[in-house]
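# Structural characterization, general
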Amino acid sequence: MTTPEHDALTDRVTAGPGGAMTVQVGVITGDLTVTTTDRGDGTAGVVIHYTGAEEHYDLEGGPVRIPPGGIDAFHRVVLDAVRAGGAAQMPGTAPRP
């Protein structure tokens, strides 16, 4: 399932209805690859891309503080948010107006 790579976790997921909101291109949907990275300063960043594509986009709302459960738990919450769709953003952030 999850592959750790230098404090990064990567998984494939199918976005729920309404997809995931990115900084660069807005909402993306479908079969996505999500990478959550511990930035080394107590925060996490998430990049997302269409599985098989090379362009990567930042998930809206990041970076955010890594919660007490750690990067693994946070990554699972990110995956759940993308699966739920609804223009998913970084967990713990307010939707953009």
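Bear in mind the structure is a predicted one, so any value in this text is a computation, not a measurement. (Residues numbered from 1 in each chain as written. Predicted model: local features only at pLDDT ≥ 70, side-chain atom pairs only at ≥ 80, totals over all residues. Heavy atoms only, no water.)

## Looking at the environment of leucine 79
For leucine 79, the location among the structural elements is in helix 1 (residues 70-84). As for leucine 79 and threonine 33, which are separated by 46 residues in sequence, their C-alpha atoms are 9.6 Å apart. With near-sequence residues (within four places) excluded, leucine 79 lies in contact with Asp11, Val13 and Val34. (Helix = DSSP H or I, 4+ residues; strand = E, 2+ residues; numbered from the N terminus. Contact = heavy atoms within 4.5 Å.)

## Topic: the pattern of salt bridges
Under the defined criterion, the tally for this structure stands at two salt bridges. Put simply, arginine 12 and aspartate 31 hold a salt bridge, and the shortest N to O gap is 2.8 Å. Within this pair, whereas arginine 12 is found in strand 2 (residues 8-14), its partner aspartate 31 is found in strand 5 (residues 31-38), the two being separated by 19 residues in sequence. With a closest N to O distance of 3.3 Å, aspartate 80 and arginine 83 form a salt bridge. Of this pair, aspartate 80 and arginine 83 both sit in helix 1, three residues apart, which is roughly one turn of that helix. Among the residues examined, arginine 83 registers a relative accessible area of 44% and is labelled partly exposed. (Salt bridge = Lys/Arg side-chain N within 4 Å of Asp/Glu carboxyl O. Buried < 20%, exposed > 50% of the residue type's maximum accessible area, 1.4 Å probe, protein only.)

## Describing the confidence of the model for the protein chain
Within the protein chain, residue pLDDT values average 90, and 90% of them lie at 70 or more. Between the elements of the protein chain, mean pLDDT differs from a low of 40, seen in strand 1 (residues 3-4), to a high of 98, seen in strand 7 (residues 57-58). Scored below 50 in pLDDT, residues 1-5 shows ten contacts in the model against residues more than four places distant or in partner chains. (pLDDT = per-residue confidence, 0-100.)

## Digging into helix 1
When the terminal C-alpha atoms of helix 1 are compared, their 21 Å separation across 15 residues agrees well with the 21 Å that a helix rising 1.5 Å per residue should span. By the burial criterion, the buried members of helix 1 are Ile71, Phe74, His75, Val78, Leu79, Ala81 and Val82. What you see down the axis of helix 1 is that its buried residues fit within an arc of 160°, all on one side. Following helix 1 by one or two positions, glycine 85 adopts a phi angle in the positive range, close to 75°. (Expected span 1.5 Å × (residues − 1). Arc of directions from axis to C-beta.)

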